[in-house]
Each structure stands twice: as structure tokens, then as C-alpha cells.
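The residues making up each chain are set out below.
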Amino acid sequence: AKLPKKFEKNRFNENICERNAPLQHHNQVLVEPLLFLNEYWTVMGDERRALAYSKAAATIKCLPFTVTTLTELDDLKGLGSGHCLKVIQETLERGHCQEVIVKRDSMKFQSLKILSSVYGIGPSLALKLHSNHGVSSVQDILKLWNQLALADERIKVGVTYYADLSTPVSCTLAKKIKGIVEYELSIIKDDFRIEIAGGFRRGKKNGHDVDILITYTTDGEEKGILSSLMKHLNHKGYILHWRLEKSSFDEEAVFTRSPDQISVMDHFEKSFCVFKCPLQGNEIPETERTIRIDVNEPFPSQEQRNWRAIRVDLIMVPKSQWAYALLGWTGSKLFMRMLRHYSNAHLQKTLNSHGLWDKRENKLIPAESEEDVFKNLGLSYKDPSHRNF
Ligand code: 8DG
Ligand code: MN
Ligand code: MN
């Protein structure tokens, strides 16, 4: 009979990039309060604290057994300050954590959580709206709409389609969006490759948006395609809102003068869209979902509504950067952060969604596939389903 493999603590501690973070793991009860505290501090605008909880949660997710006593976590790296351990200990002993219950009920947190979930509103604007204008809900934004004079067009879109955009996107709808993009691309030009990245590629059943990467067989061929694609999609009535970002890639700037190597921002040409996704009968949402804020914008009456608003990111990638872009946009964000830190600190190489830069040799290390990227990093290949840090 096969004996259960012994947990090797030293190996677990050695290189955190070699850990596997699956969606289904052994410690749901412990991870929950840690992820809540990550969310709490993200919403409250303290990214540093949020990150500590996110890292602790990720460490627990990777354990190949169910934790029953605190001693099992002795000498384990990645659990951060003593405070994370306190949360874990209390959860082990009482089944819940008092701090979480108190924070969850905080009115300020609840308001900021709703406000920062609106497309176009980040934690700092949410805080400003709450503190300076007493705004606590999407309804409040509507009431004070003229007075607030929010200049960012995205916020109007975010409020208008709030109900749709705050409903999780299913894998089926993500594939439908991919199909639409694929079809319109095929009309423009052959020989492209298109892939859903983000959480869906990591095996998640739902997402907050659909991340789609596009490339052509040779570098340079992708130029101008995204603008054409947006024209076609608009013409067919698939787009409610979009914002095109030009490519700002410059090898030297990106790899040698990058001030923050941990940042997720990249320089690809992309389009941040809100799609008007057609729905089949059984996919049609209940009524009263779309809030109408602009009488000038004609909306179909609720009964007629056979579509739903969905956030979609379209990213145009030059072929030579495809492997790195796919890895970067598959995430998770924390996994990519870990990889970047590792490659910087241990390999003297800068990793981002455009490539891997050898700082000693001053040159780029090419990769055809994600497998190549892992090889270039001296790591074993990790399936996307195990990148859910
Ligand atoms: P979700 O949508 O299911 O909620 O989760 P997700 O798919 O993991 O998150 P995401 O916010 O859609 O981001 C997907 C990945 O894209 C994430 O690992 C970070 C990565 N990414 C880049 N560059 C950029 C960028 O410029 N902006 C954003 N928002 N994400 C980027 O590699
Ligand atoms: Mn996503
Ligand atoms: Mn996205």
C-alpha cells in the first residue's frame, strides 16, 4: 500500500514559487478570515497590510494537509507577522475570529466596499466620496450625481450597469465573448491566436471580467488590428463602452529603467471594454437590474432586455512576447508578484509581461511557450490551475 507522502517543511520553505496553490485545498476555514482581512485592508486603502494577509492565505492554501493545531505551522515561512498567526489560532480554537466579525459589520467598510466595486472607482476615490460627501451606496451616487461632478466616463458606465457588472461572469459567457471576438478578428485577418487568460485560465468557474489575449504569427502584424477590431465590434452593437490604450512598449524603458519591478502594469496595446453580450433565454437576468442615469441614452425596456453588460479586457501582444504575456495575464497577481521578486532577487533578472531581462548580460531571454519561461526561471512548470495564490 502507498504511504501518504510526508510533508517536507524545509522544501516548502525553500522556494515559495515551487508551491502549488490549487482552487480546492485543505484549509478553507482558515483561509476565509485571512482573505477577508486582505479584502478589508484593500478596501480601506492599506495595501501593505492587505498584502500580508494575502500572502498568509496563500501559504495556507498550499499546505497538503488540514491544519488542526498551531504547532503544525511552526517554522513555516510566509505566514507573516504574529498577527496572522493570532487570527489562525483563534479560528482553530473557536471556529471563527472575533476581529473579522467586528470588521465585517463596520459601516465604513461596507460603504467603501460597495463604492470601490463600481467600475472606475478605486479605494482612494471611494474614501473621498464617503468622507467628504457622505456617499455610502450606488443610490447615493445617483442622488448626488450632478453635485459630485465625477469626470471619469467609466464611473457613469460603472453606475449605469452596476447590477450587471457586479454579477459574476460564468465560464460559458466568457467563452461566448471569446467566440464573438474570434469571429470579428477572422474577418479582419487570418492567422491570429486568441486565448482567455485571467482567473478562467486558472480554472475559476466565475470571474469579474474576461481577459482576452490576441497575437499574430509574426511580430508587427498585430499593429492596427485592435482599432479595426473595436470598429467592427462597435458596428455590430457589441460595445457599450471602451477605452483604447496605445502600446507604450520600449525595451530600454521597460527593462532597464523600470522603477517598480513588482508592478503589474504593462505596456501592451489594449482595450478596456464593457461588452453588450447577447443572452439566450435562460441566461436573461431578472428585471430591475440596470439603473438608468441618463435619460439621453435610450435603454430598451426591461422586458426586451436580452443582453447583459460584461467587463472585457482585450490585449494585443506581439508574437515574441506572447509566452510572457500569457503568464502575466494568467496570474494570479500574487503568483506573478512572487515570480518577479524571485527572479529579481535570486536570478538578477527582471520579469514582466513583456519578457525576462538578464541584468548582467543586458539582454532579453526569449521564450516560445510558458514551459520555456519556467525553464528560463529555473523552476518546474506549474499548471495554471495551481497558480491560484
Ligand atoms: P477575476 O477577473 O476573476 O476577478 O480575477 P483575475 O482574472 O485573476 O484578475 P484580473 O484583475 O482580471 O487580472 C488578470 C491578470 O492580469 C492579473 O494576474 C494581473 C494581470 N495584468 C497584467 N498587466 C495588467 C494591467 O496592466 N492591468 C491589470 N488590471 N492587470 C494586469 O499582466
Ligand atoms: Mn480577470
Ligand atoms: Mn482583467
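Everything quoted here is computed from the prediction, not taken from an experiment.

**Q** What am I meant to see in the overall build of the chain here?
**A** The helix and strand inventory of the chain stands at 18 helices and 10 strands. Over its C-alpha atoms the chain spans a radius of gyration of 23 Å, differing by no more than 12% from the 21 Å that the globule rule assigns to 389 residues. Along the first, second and third principal axes, the C-alpha set of the chain runs to 65 × 55 × 50 Å. In the chain, which comprises 389 residues, the share counted as buried stands at 46%. Of all intrachain contacts in the chain linking residues separated by at least 6 positions in sequence, the fraction that spans at least 24 positions is 70%. For the chain, the accessible surface area stands at approximately 19900 Å², while carbon and sulfur atoms represent 50% of it. Averaging the positions of the 54 positive and the 49 negative side-chain charges in the chain gives two centres separated by 3 Å.

**Q** Sorry, what's going on with the sheet that holds strand β5 (residues 239-245) here?
**A** One key point about sheets: their strands pair by backbone hydrogen bonds, in either a parallel or an antiparallel sense. What the 5 strands build is an open sheet, ordered β2-β4-β7-β6-β5; its pairing is mixed. Edge positions in the open sheet fall to β2 (192-196) and β5, since each of these has one partner strand only. Each adjacent strand pair in this sheet contributes to an overall mean axis angle of 20 degrees, direction not counted. Note that β5 and strand β6 (residues 269-278) share 6 bridges and pair antiparallel. Among the inter-strand pairings, I239 is bridged to a residue of β6, identified as F275.

**Q** Would you mind going over the coordination of the manganese ion (ligand 2) with me for this structure?
**A** The protein atoms that coordinate the manganese ion (ligand 2) are D209 (OD) and D211 (OD), at distances of 2.1 to 2.2 Å. Between the manganese ion (ligand 2) and the manganese ion (ligand 3), the interatomic distance is 3.7 Å, and D209 donates to each metal, bridging them. Taken as a pair, D209 and D211 share a single burial class, namely buried.

**Q** What exactly am I supposed to notice about the UniProt feature "active site" (unreviewed entry) in the chain here?
**A** When the UniProt feature table is mapped to this numbering, "active site" (unreviewed entry) covers K86. Mapped onto the elements of the fold, K86 is located in helix α4 (residues 82-94).

**Q** Where do I start with the nonpolar core in this structure?
**A** Side chains of nonpolar character tend, in soluble globular proteins, to be buried together. Counting 62 residues, the largest nonpolar core has L34, I60, L339 and L377 as its most contacted members. Element by element, the count of residues in this core is highest for helix α2 (residues 28-43), at 8 residues. Once you skip the residues sitting within four places of it in the chain, L377 turns out to touch L339, Y342, S343, L347, L351 and L356. The next biggest cluster of nonpolar side chains, apart from the first, holds 29 residues, and it includes I212, I214, L229 and L314.

**Q** What's the story with the packing of aromatic side chains in this structure? I'm lost.
**A** Aromatic ring pairs are defined here through the distance separating the ring centres and the angle between the ring planes. Inspection of every chain in the model, using the stated rule, returns 12 aromatic pairs. Look at F7 and F65: their rings are 5.1 Å apart centre to centre, the planes differ by 65 degrees, and that puts the pair in the edge-to-face class. On the criterion of sequence distance, the pair formed by F7 in the segment before α1 (9-14) and F65 in the loop between α3 (47-61) and α4 is long-range, its members being 58 residues apart. Taking the ring centre of F12 as reference, the NZ or CZ of R19 above it sits at 3.9 Å. The ring centre of W307 lies 4.6 Å from the NZ or CZ of R305, which sits over that ring.

**Q** Sorry if this is basic, but what is going on with the sheet that holds strand β10 (residues 363-365) here?
**A** Spatial strand order, β8-β9-β10: 3 strands in an open sheet with antiparallel pairing. The strands lining the two open edges of the sheet, one partner per strand, are β8 (349-352) and β10. Sheet twist, expressed as the mean angle between neighbouring strand axes with direction ignored, is 30 degrees. Note: strand β9 (residues 355-358) against β10, 3 bridges, orientation antiparallel. Within β10, the position partnered with W357 by the bridge is L364. Across the sheet, helix α17 (residues 333-347) is in contact with β8 and β9; its angle to β8 comes to roughly 165 degrees.

**Q** What should I look at first to understand the pairing of β9 in this one?
**A** Every second residue of β9 is oriented toward a common face, with G355 and W357 on one face and L356 and D358 on the other, all of them buried. Here 4 bridges tie β8 to β9, and the two strands are oriented antiparallel to one another. In the sheet register, K349 faces β9, and the bridge partner there is D358. Two successive antiparallel strands, β8 and β9, enclose a turn made up of 2 residues. In sequence, β9 turns back onto β10 through a hairpin of 4 residues, with N362 there showing a positive phi of about 55 degrees.

Analysis parameters
Residues numbered from 1 in each chain as written. Chains lettered and ligands numbered in written order. Predicted model: local features only at pLDDT ≥ 70, side-chain atom pairs only at ≥ 80, totals over all residues. Heavy atoms only, no water. Helix = DSSP H or I, 4+ residues; strand = E, 2+ residues; numbered from the N terminus. Rg over C-alpha atoms; globule rule 2.2 N^0.38 Å. Buried < 20%, exposed > 50% of the residue type's maximum accessible area, 1.4 Å probe, protein only. Contact = heavy atoms within 4.5 Å. Areas by Shrake-Rupley, 256 points an atom, 1.4 Å probe, with all protein chains shown as cover. Lys, Arg positive; Asp, Glu negative; His and termini not counted. Charge placed at Lys NZ, Arg CZ, Asp CG, Glu CD. Pairing = 2+ DSSP bridges. Axes fitted to C-alpha atoms, helices over the stretch in contact; angles between N-to-C directions. Donors = N, O, S within 2.8 Å, 3.2 Å for Na, K, Ca; no water. UniProt positions renumbered as here; feature names shortened; annotations may be inferred. Core = buried A, V, L, I, M, F, W, Y, C linked by side-chain atoms within 4.5 Å. Phe/Tyr/Trp six-rings, centres within 6.5 Å; stacked < 30°, edge-to-face > 60°. Lys NZ or Arg CZ within 6 Å of the ring centre and 35° of its normal.

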